[in-house]
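Here is how the chains run, residue by residue.
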Amino acid sequence: MDQQHWKALKEKDDEKALKYFYDQYIKLLYKYGYHFCQDAALVEDCVQDLFLRIWEKRRTLGDTDNVKLYLMVALKRSIFEKVKKGSKVSTDEQIEDTFDVTFTMEESIISSETDQINKDKLLKTLETLSGRQKEVIYLRFYNGFTPEEVSEVMNISNQSVRNLQASALKKMRNNMGDGINLVLLGFFIENFY
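Residues numbered from 1 in each chain as written. Predicted model: local features only at pLDDT ≥ 70, side-chain atom pairs only at ≥ 80, totals over all residues. Heavy atoms only, no water.

Draft legend 1. Focus on the environment of Glu81. The topology assignment puts Glu81 in helix H4 (residues 67-85). According to the relative accessible area criterion, Glu81 is partly exposed, its value standing at 49%. Counting along the chain gives 35 residues from Glu81 to Cys46, while the straight-line C-alpha distance between them is 9.8 Å. (Helix = DSSP H or I, 4+ residues; strand = E, 2+ residues; numbered from the N terminus. Buried < 20%, exposed > 50% of the residue type's maximum accessible area, 1.4 Å probe, protein only.)

Draft legend 2. Just the nonpolar core, in detail. Ranked by size, the top nonpolar core spans 42 residues in total, and within it Leu9, Phe21, Leu29, Ile79 and Leu139 carry the most contacts. The set of elements that each furnish at least two residues to this core consists of helix H1 (2-12), helix H2 (15-36), helix H3 (40-56), H4, helix H7 (131-142), helix H8 (147-154) and helix H9 (158-176). Among all residues touching Ile79, those that are not within four sequence positions of it are Gly33, Phe36, Cys37, Leu42, Val43 and Cys46. Membership of the second largest hydrophobic core comes to 9 residues, among which are Leu122, Leu123, Leu169 and Met172. (Core = buried A, V, L, I, M, F, W, Y, C linked by side-chain atoms within 4.5 Å. Contact = heavy atoms within 4.5 Å.)

Draft legend 3. Structural context of H8. Buried residues dominate H8, accounting for 6 of its 8 residues. Directly after H8, the chain includes Asn155, whose backbone phi takes a positive value near 60°.

Draft legend 4. A look at H1. Turning to H1, its buried residues number three or more, namely Asp2, His5, Trp6, Ala8, Leu9 and Lys10. Positive backbone phi, at 50°, marks Asp13, one or two positions downstream of H1.

Draft legend 5. Representation of the packing of aromatic side chains within the structure. Taken as a whole and assessed by the stated rule, the structure comprises 7 aromatic pairs. Consider the rings of Tyr20 and Phe21, whose centres lie 5.2 Å apart with planes at 70°: the pair is edge-to-face. The class of Phe21 is buried, set by a relative accessible area of 2%. Centre to centre, the rings of Tyr32 and Phe36 are 5.2 Å apart; their planes meet at 85°, and the pair counts as edge-to-face. Residue Tyr32 and its partner Phe36 are located together in helix H2, separated by 4 residues, close to a single helical turn. (Phe/Tyr/Trp six-rings, centres within 6.5 Å; stacked < 30°, edge-to-face > 60°.)

Draft legend 6. Summary view of the confidence of the model for the protein chain. Model confidence for the protein chain is summarised by a mean pLDDT of 78, while 74% of its residues fall at 70 or above. The lowest-confidence element of the protein chain is helix H10 (residues 179-192), averaging 46 in pLDDT; the highest-confidence one is H3, averaging 93. Predicted confidence for residues 178-184 stays below pLDDT 50, and this span has 12 contacts to residues more than four positions away or in other chains. The model gives residues 189-193 a pLDDT under 50, and that stretch makes 6 contacts with residues more than four places away or in other chains. (pLDDT = per-residue confidence, 0-100.)

Draft legend 7. Representation of the packing of H4 against H8 in the model. Put simply, H4 and H8 touch, their axes get as near as 8 Å, and they point 25° apart. Taken together, the axes of H4 and H8 are roughly parallel relative to one another. Between H4 and H8, the residues in contact are Leu69, Val73 and Lys76 and Glu149, Glu152, Val153 and Met154, respectively. Each residue belonging to the contact of H4 with H8 can be placed in one class, and the counts come to 4 nonpolar, no polar and 3 charged. (Axes fitted to C-alpha atoms, helices over the stretch in contact; angles between N-to-C directions. Parallel < 35°, antiparallel > 145°, perpendicular 65-115°, else oblique. Nonpolar A, V, L, I, M, F, W, Y, C, P; charged D, E, K, R; others polar.)

Draft legend 8. Region of the structure containing the pattern of salt bridges. As enumerated under the stated definition, the model contains 8 salt bridges in all. Asp63 is paired through a salt bridge with Lys10; the nearest N and O atoms lie 2.6 Å apart. With a gap of 53 residues between them, Asp63 in the loop between H3 and H4 and Lys10 in helix H1 connect regions that are remote in the sequence. A salt bridge links Asp13 to Arg58; the shortest N-O distance between them is 2.7 Å. Of the two residues, Asp13 is situated in the loop between H1 and H2 and Arg58 in the loop between H3 and H4; the sequence distance between them amounts to 45 residues. Each member of the salt-bridge network shares a partner with another, and the members are Asp13, Arg58 and Arg59. (Salt bridge = Lys/Arg side-chain N within 4 Å of Asp/Glu carboxyl O.)

In C-alpha cells, the structure reads:
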C-alpha cells in the first residue's frame, strides 16, 4: 500500500498520498523524535518540515521499499542537524546516546497475565540500557525492523547493530536474575525476535 502512495506522490503530485503518509506515520514520528530531543516544539517543527520537504521535492524523491524507515531516517537527521546548530554537542554519537525511551506498561511487550513484580523488574532492567541499546531494542522489537533496517536508521554497520542488541539482551539477562525472570525474558525474545 505504501508503495502505491509513494508512486502516486512522486509521479502524480497526489496530495492524498502525502496525507496518507502523514496520517499513517505522524504519531510514530513524533514519538520517535521525542526520544532524541525532549523539546516538543523542535520535534514538531522537524516533523512538519519533513512533510513539507517531501512535498516540495516529491518529483526528485528516490524509490524506497520501506517508507516508514525512510521517514524515520529523515526525521532523525533533521533533529540531529537542528540540535547540533543550537548546542555545543559536536558529534552525532553524542546526540544518539541521548536516545531515551521510557518503557511503559502500555507500550510494553509483556503480556497482561505476567506477574506485576516481573513486569516491574523487566522494565527497570530495560531502563538500565544505554541510549544506543535502547534505540536498537526500540527499533527491533517495538517497530519490527530488521537488523539491516536498524543499521540504516542508526547509520551504523549491521555488525554494530547486532553487537548492541546482543549486549543489551545480555545485560537484561544478567539483571533479571532468578529462573522465573529468565523465562519471562525468553518469552520476550521468542515472541519478538
